[in-house]
Amino acid sequence: MSTARDTTRIASHKLSLSEVLDWMVADGMVSAEKAQLLSGLDARGAYKDKHPLIILGKRGWNDERPPNLPLTVESLTAWLAARCGLPFARIDPLKLDVQRITSVVSLPYASRYNILPVEVTPREVVIATAEPYDQEWEREISQVQKKQIRRVITNPEDIARYLVEFYSISRSVLGAEKQNEGLPAGAGIQNLEQLIELGRSGKLDSNDQHIVSIVDWLLQYAFDQRASDIHVEPRRDQGLIRFRIDGVLQQVYQLPSAVLMPVTSRIKILARMDIAEKRRPQDGRIKTRTPDGTEVELRLSTMPTAFGEKLVMRIFDPAVLLKDFRALGFTESDQKLWDGLIEQPHGIILVTGPTGSGKTTTLYSTLKQVAKPEVNVCTVEDPIELVEPAFNQMQVHQGIDLSFASGVRTLLRQDPDIIMIGEIRDAETADMAVQAALTGHLVFSTLHTNDAPSSVSRLLDLGVQPFLIQSTLLGIIAQRLVRTLCSHCKRETQVDDAQWDMLVSPWKAQKPRKVYEAVGCLECRNTGYKGRVGLYEMLQFTPKLKPYVQERLDLDAMREAAFKEGMKPLRLRGAQKVADGVTTLEEVMRVAPPTAVQRP
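Conventions and cut-offs
- Residues numbered from 1 in each chain as written.
- Predicted model: local features only at pLDDT ≥ 70, side-chain atom pairs only at ≥ 80, totals over all residues.
- Heavy atoms only, no water.
- pLDDT = per-residue confidence, 0-100.
- Helix = DSSP H or I, 4+ residues; strand = E, 2+ residues; numbered from the N terminus.
- Contact = heavy atoms within 4.5 Å.
- Pairing = 2+ DSSP bridges.
- Axes fitted to C-alpha atoms, helices over the stretch in contact; angles between N-to-C directions.
- Expected span 1.5 Å × (residues − 1).
- Buried < 20%, exposed > 50% of the residue type's maximum accessible area, 1.4 Å probe, protein only.
- Polar contact = N/O pair within 3.5 Å; in protein donor to acceptor, adjacent residues only side chain to side chain.
- Parallel < 35°, antiparallel > 145°, perpendicular 65-115°, else oblique.
- Nonpolar A, V, L, I, M, F, W, Y, C, P; charged D, E, K, R; others polar.

### Thoughts on the confidence of the model for the protein
Turning to step 1, where the next piece is worked out: Per-chain confidence: the protein averages 83 in pLDDT, with 90% of residues scoring 70 or above.
Turning to step 2, where the next piece is worked out: Per-element confidence in the protein ranges from a low mean pLDDT of 34 for helix α10 (residues 192-200) to a high of 96 for strand β10 (residues 347-352).
Turning to step 3, where the next piece is worked out: Ignoring residues within four places in sequence, the model shows residues 1-8, a span with pLDDT below 50, making 16 contacts including any to other chains.
Turning to step 4, where the next piece is worked out: Under a pLDDT of 50 for its full length, residues 183-204 has, in the predicted model, 36 contacts with residues more than four places off or in other chains.

### So, the sheet that holds strand β2 (residues 124-129)
Turning to step 1, where the next piece is worked out: Reading across the sheet, the three strands line up as β1-β2-β3 and stay open at both edges, with mixed pairing between neighbours. Where the open sheet ends on each side, the last strands, each with one partner, are β1 (115-120) and β3 (148-153). With direction set aside, neighbouring strand axes in the sheet form an average angle of 30 degrees.
Turning to step 2, where the next piece is worked out: Sheet analysis places β1 next to β2, joined by five bridges and oriented antiparallel. Each residue of the ladder has a partner; that of V120, found in β2, is V125.

### Here's the deal with helix α17 (residues 427-438)
Turning to step 1, where the next piece is worked out: The end-to-end C-alpha separation of α17 is 16 Å, in line with the 16 Å expected for twelve residues at 1.5 Å each.
Turning to step 2, where the next piece is worked out: Here α17 has its buried residues at T429, A430, M432, A433, V434, A436 and A437.
Turning to step 3, where the next piece is worked out: Structurally, α17 contributes buried residues whose contacts are with β10, α16 (404-411), β13 (418-421), β14 (442-447) and α19 (466-472).
Turning to step 4, where the next piece is worked out: Between the side-chain oxygen of the N-cap and the backbone nitrogen of E428 there are 3.3 Å, and the N-cap of α17 in question is D426.
Turning to step 5, where the next piece is worked out: Of the residues flanking the end of α17, it is G440, one or two places downstream, whose phi is positive at about 95 degrees.

### Re the packing of helix α11 (residues 209-224) against helix α12 (residues 257-270)
Geometrically, a packed helix pair is captured by the angle between its two axes and the distance between the axes.
Turning to step 1, where the next piece is worked out: The geometry of α11 relative to α12 is characterised by a closest axis approach of 9 Å and an angle of 70 degrees between their N-to-C directions. Between α11 and α12, the interaxial angle falls into the category roughly perpendicular. Facing α11, whose interface residues are I211, V212, I214, V215 and L218, α12 presents V259, P262, V263, R266, I267 and L270.
Turning to step 2, where the next piece is worked out: A breakdown of the residues in the contact of α11 with α12 according to their chemical character gives ten nonpolar, no polar and one charged.

Here it is in C-alpha cells:
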C-alpha cells in the first residue's frame, strides 16, 4: 500500500481507469476478468472524460471481499484515500465559509482541475480533490496564497456539485453587493422607518437575478439539509441565515445587510405578503417543489426587530403524512391504544406538548388515517399548517372576527363527522369543543401543558365544568421529540448508575446491560445524532379516572391513578428508547420533564 510520501515521488498525472482497476484487482476487490472487460470498453472510448471512481461506482458491483458490500462512489473514494495515504473527507456545506473558500481560486481554475477549497486558515488552505497524484495546481495556489496546501480526497460527484453551487451563490452575493454600492455606510442600523425608505430606494431590486439566485439556493439548501425551519435574521453589520436541523439551530451563511433586505423582500413576494409593510408582523405561505418533484410547503412569519425584518420559514413536508405511527415512535401498545381512541364515534382527544414537539405531525397523520370517503373531516386552524385535499380546512382570521370558537360554530353547521381545532386557547373555544363532542362529533385539539394529566387541570382553568369533562374526554397524548443516535458512529458505553436512577426516578426500571453514546462523524455533522423520534405519554380517560375530575382537582392523586391505569411517563418512555439504543440518557433528560409523582 502507498504512503503519504509516495504521492510526492510519483509523477504528476490524473488517474486512469486501468490504473484504478489494477489496484482493485491487487486488493482483491474485483476479479481480473471483470477488470479486463471494463478496461477493454474504456480503451474503445466508452468512458471518455469521466472520473474512474464515478465509472466504477455506477457499475453496481459488490466488493468481492467479505462482507461483500456495494462498491459505491463514496466507498471507493474512501478506499482510494486510504490506499494513497491521504485523508478522506466528506464535504459538509454547513461547516464551510463559502465566501472565504471561493476567494481562493476562480471557478474556471477550480473546474479545470476539479478541485474545491474547503478550509482556509492563517497557515494553510485545505483543498478537496479526487486526484491524489495531480500536482500541477498545488504549487501555483501555494505561491498565490502564500500558504501551505493540504489536500484531502473527496467524492468527485460532491466536488462537481458544490463547485457549481458555492461559486454560484458567491457570485450572486458579490453581484448584489456591487449593485448596492451606492447605499450609505451603516444602512443596516437605521431605524425601522428609514429601513422602509431604503427598501423603496430601488437601488437593489428583489427581482434582480442575483437575489433570485440567492433565494433559490437558500430554499434548495434547506431541503437538502433536512431543515425544519429557516431563520433569516438581520444584525447590526450583517445578516445571518440559520437552519434548525433535528431541533437544533445551526448557522449556515452570513449576508451583507444591504443584500439581506432584498432577499427578505423576494421571499415575501413569493409568499404574497405586503413588501412595503415592515413595521407589523405578517404571515404567508409558499408552495414549491424540490428538484426530485416532491411538493413542499413553507409557512412564513415576519417580525420587526431593531435592525430590520426577521423572517422564519417553517418547512412542511407532506411525506410525514405518509408515515405510519410506528415510524413516528409509537410502540405497539401505543398504536393499539391510539387506534381504539380515534375509532370512537364522539368525544374529545387532546394532543399536548410545547411548540416543536410534533403535535401537528401526530394530528395530521391521525386525520389522514381517519379521512375516508364516507367521513367529513373539517379543521379550523391558525394558520393552516399543511394544505391537505382530504380535509375541509378553514383558517382563523382575527381581522374579521373569525376565531376558533366562531369557526367551530360554523363547522357544526357543515355536517361534520370529525373536527380538528388547532388549539384550545380560551373558554369560548373550550366550550364549543365540548358542545361539538356532546352533539356526536369526534373532536381533536391541542393544548400547551407539560404532561397529559395537566390537560385536565387546564380545561378546568378555562371554565369547563367537571361533569362535561367526564362526559366528553376520551384520551390525552403528551409528547416530545428526541434526537436519534447516528447509526454510523454511535458507540457502546457503560451505563452511568446515577444518571439512570435520575432518569427513571421514582420508577424502578431495570437498568440495561448496555447503552450508546453520541460520538459524531461526517454523516451527522459531528453532532452524534441524525433524525428525531417521538416520546409519547398516553392517557386513556377510563371510568376509574373520572371521579378525580372535581372543581378542586387533586392533580397528583389523578396522576398516580393514571399510572395505575397503565400510563407511562415521558421519561420512562425515553428510558426505553435509551435501552433500545435509539437515543442517549442526556438527550432524554434534556427534552422530557421530570416525573411529577412521589411514588409509582
